[in-house]
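The lines below spell out each chain.
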Amino acid sequence: SLTETKWWYKGPDGESHGPYLARQMSAWGPPLETLPVRTEKDEEFHSAGEWRTVMGGVNPFASSSVPAFNVL
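Residues numbered from 1 in each chain as written. Predicted model: local features only at pLDDT ≥ 70, side-chain atom pairs only at ≥ 80, totals over all residues. Heavy atoms only, no water.

What follows deals with the sheet that holds strand β1 (residues 6–10). Ordered by their spatial adjacency, four strands build an open sheet running β2-β1-β3-β4, and the pairing between neighbours is antiparallel. The strands lining the two open edges of the sheet, one partner per strand, are β2 (16–21) and β4 (46–47). Relative to strand β3 (residues 36–39), β1 runs antiparallel, the two being bridged by three bridges. By the bridge assignment, Trp8 is partnered in β3 with Arg38. (Pairing = 2+ DSSP bridges. Helix = DSSP H or I, 4+ residues; strand = E, 2+ residues; numbered from the N terminus.)

What follows is the structure, encoded as structure tokens:
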């Protein structure tokens, strides 16, 4: 889908890795609550736990299309 959200994560090396689609991120298993992630719509990284909180407890990678963090 053209509207699928692209995700990046910040690794322990401090480098940004991506883009990955939600289904790719989801295939890795449940996200670490502390894993810094962002979408192509965001400039800042937020932990997967913060994403889960603003998404009402839903895994941020459960949906193929996610708005920017500040919109949530």
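Scanning the model with the defined rule gives two salt bridges in all. Residues Arg23 and Glu4 are paired through a salt bridge, measuring 2.8 Å at the closest nitrogen-oxygen approach. Of the two residues, Arg23 sits in helix α1 (residues 22–27) while Glu4 sits in the segment before β1, which places them 19 residues apart along the sequence. A relative accessible area of 53% places Arg23 in the exposed class. (Salt bridge = Lys/Arg side-chain N within 4 Å of Asp/Glu carboxyl O. Buried < 20%, exposed > 50% of the residue type's maximum accessible area, 1.4 Å probe, protein only.)

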